There are 2 protein chains.
Amino acid sequence: MSDPIDFYFDFISPYGYLASTKVEEIAARHGREVTWRPFLMGVPIIKIMGLKPLMETPLKSDYTLIDIFRLATWLQAPLSSPNPKATNSRAAARAFYWIHDQSPEIAVRFAKAVYERMWVDGQDISDPAVVVAEAAKLGLPGDDLIAALGSEQLKARLEAEVTAAVARGVFGSPFIIADGEPFWGVDRLPLLNAWLSPPGSAPAFI
Amino acid sequence: MSDPIDFYFDFISPYGYLASTKVEEIAARHGREVTWRPFLMGVPIIKIMGLKPLMETPLKSDYTLIDIFRLATWLQAPLSSPNPKATNSRAAARAFYWIHDQSPEIAVRFAKAVYERMWVDGQDISDPAVVVAEAAKLGLPGDDLIAALGSEQLKARLEAEVTAAVARGVFGSPFIIADGEPFWGVDRLPLLNAWLSPPGSAPAFI
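First things first, this report covers the structure right here in the doc.

About the thresholds
Residues numbered from 1 in each chain as written. Chains lettered and ligands numbered in written order. Predicted model: local features only at pLDDT ≥ 70, side-chain atom pairs only at ≥ 80, totals over all residues. Heavy atoms only, no water. Pairing = 2+ DSSP bridges. Helix = DSSP H or I, 4+ residues; strand = E, 2+ residues; numbered from the N terminus. Axes fitted to C-alpha atoms, helices over the stretch in contact; angles between N-to-C directions. Least-squares fit on C-alpha atoms with pLDDT ≥ 70 in both. Contact = heavy atoms within 4.5 Å. Buried area = accessible area lost by both parts, 1.4 Å probe. Salt bridge = Lys/Arg side-chain N within 4 Å of Asp/Glu carboxyl O. Polar contact = N/O pair within 3.5 Å; in protein donor to acceptor, adjacent residues only side chain to side chain. Buried < 20%, exposed > 50% of the residue type's maximum accessible area, 1.4 Å probe, protein only.

1. A few points about the sheet that holds strand 1 (residues 5-9) of chain B
Residue and element names in this part refer to chain B.
- Strand order in the open sheet made by the 4 strands is 2-1-3-4, with mixed pairing throughout. Edge strands, defined here as strands with exactly one partner in the open sheet, are strand 2 (34-38) and strand 4 (181-184). On average, each strand axis in the sheet is inclined to that of its neighbour by 20 degrees, with strand direction left out of account.
- Bridge count between strand 1 and strand 3 (residues 175-178): 3 bridges; the pairing is antiparallel.

2. A word on the relation of the copies chain A and chain B
- Rotating chain A by 180 degrees and moving it 0.0 Å along the rotation axis overlays it on chain B with an RMSD of 0.0 Å. Such a combination of rotation and displacement between the chain copies is what one expects of a two-fold axis.
- Interface residue correspondence from chain A to chain B reaches 100%, placing this contact among same-surface, isologous pairings.

3. Re the interface of chain A and chain B
- Each side of the interface is counted separately: chain A has 42 residues, and chain B has 42 residues.
- Roughly 4,000 Å² of surface becomes buried between chain A and chain B when both sides are summed, with 72% attributable to carbon and sulfur atoms.
- Three residues stand out in chain A for area buried against chain B, namely W74(A), F205(A) and I206(A), and they jointly supply 23% of the buried area on that side.
- At the junction of chain A and chain B, the tally comes to 6 salt bridges.
- Inspection of the region where chain A meets chain B yields 10 residue pairs in polar contact (both at pLDDT 80 or more).
- Those elements that place two or more of their residues in the side of chain A that touches chain B are helix 2 (23-29), helix 3 (41-49), helix 4 (60-75), strand 4 (181-184) and helix 10 (189-196) of chain A.
- When residues of the side of chain A that touches chain B are assigned to their parent elements, the largest contribution, 8 residues, is made by helix 4 of chain A.

4. A closer look at the pattern of salt bridges
- If you walk through the whole model with that rule in mind, you get 36 salt bridges over all chains.
- Note that E24(B) is salt-bridged to K112(B), the shortest N-O span being 2.7 Å. Of this pair, E24(B) sits in helix 2 (residues 23-29) while K112(B) sits in helix 6 (residues 104-119), and the two are 88 residues apart along the sequence.
- For the salt bridge of E161(B) with R37(B), the shortest nitrogen-to-oxygen distance reads 3.9 Å. Linking E161(B) in helix 9 (residues 152-167) with R37(B) in strand 2, this pair joins segments that are 124 residues apart in sequence.
- For R37(B), a relative accessible area of 24% puts it in the partly exposed group.
- Connected through salt bridges with shared partners, the residues D67(A), R70(A), E181(A), D187(A), R188(A), D67(B), R70(B), E181(B), D187(B) and R188(B) form a single ionic network.

5. Some thoughts on helix 10 (residues 189-196) of chain B
- For helix 10 of chain B, the tally of buried residues reaches 7 of 8 residues, placing the bulk of the element in the interior.
- Taken residue by residue, helix 10 of chain B has L189(B), P190(B), L191(B), L192(B), N193(B), A194(B) and L196(B) as its buried positions.

6. Observations regarding the environment of L18(A)
Residues and elements named next belong to chain A.
- Inspection of the secondary structure assignment puts L18 in helix 1 (residues 14-20).
- In this structure L18 comes out as buried when scored by relative accessible area, which is 0%.
- With 53 residues separating them along the chain, L18 and L71 place their C-alpha atoms 7.9 Å apart.
- Beyond its immediate stretch of four places on either side in the chain, L18 contacts I68, L71, A72, L75, A77 and V186.

Shown next, in the form of structure tokens:
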């Protein structure tokens, strides 16, 4: 089997959520595994780029609300309206890496569960209590996670992951890297599929 | 026949060029015509959004250079590297509307020719001389166009087109509006195709 493909995403990104519902299916078609890598768009990436958050960008924010529901329909993925309180994915991303160090498999299940709470149920995953409750459902000790979320060690761990992502050119969510080739956006999944396919076998663009 | 679909694009946008190679084919499949509407991303749209030009945005600019060539291959469209001098599409867009008032059909041929000079031949279409030469090839009097390009009337005409585009929510290139439904990006052409298709007949996303 070839190397896994890297799937970078922010828990507060609707496009990241939509990609999460398809990325493993696409990878599996080509005998590939997926490494899930949550990161934070807010700090320091938006600052490096000199942009502002998507939903605070005039014109684009209105469009996004149309676009995500249309894509969700096409991808057959359930989607609720963005929860305006859920603007901070720090606790969820830190918890992911804490769980990952114990079990990468459970960490992926946790990531999927957090995405569902946020983007299917409309919960506020900025709230560490929501994050801890999802971890507890997967059998992880809530008190230990609460302690870890306040630790400098876990904070530094997530910062290092974000720095490493930026160093690889990651700047948006979702962002996939397969064999060094970068794919930004849920709309690039067909191109990822073509990239992973034997020459000449990928479906036409349109 | 239903209403034409509106195709907004900036001549200096590689994604606009790529879309221009496919939009009429997609529209024709569904018995639709295309209204070509060049506009300027630079003023006032980027200012309203608080963004900066794509190729001046760190991380994203590097990615774009990979992404446009990959898309061009997939769309089977010839593409040359961006000409760093070609950053201003004002003369080309003004010339388009001047030609359009004489013949909408010739204006579309002019738009395709300008896109080819810029994105196939790598010419600097910021240069009014390049723009005038393309118009002359289509039989339009170069001296009249040169005079028109310096007129307040044509300047105001383009400004009005940009203002009208922003009022409809247009903020990027390409941007297509079909029956009021907005589609931003060459990557949304498959969604446009699905939108125009009878229910249940569009190809799967991936």
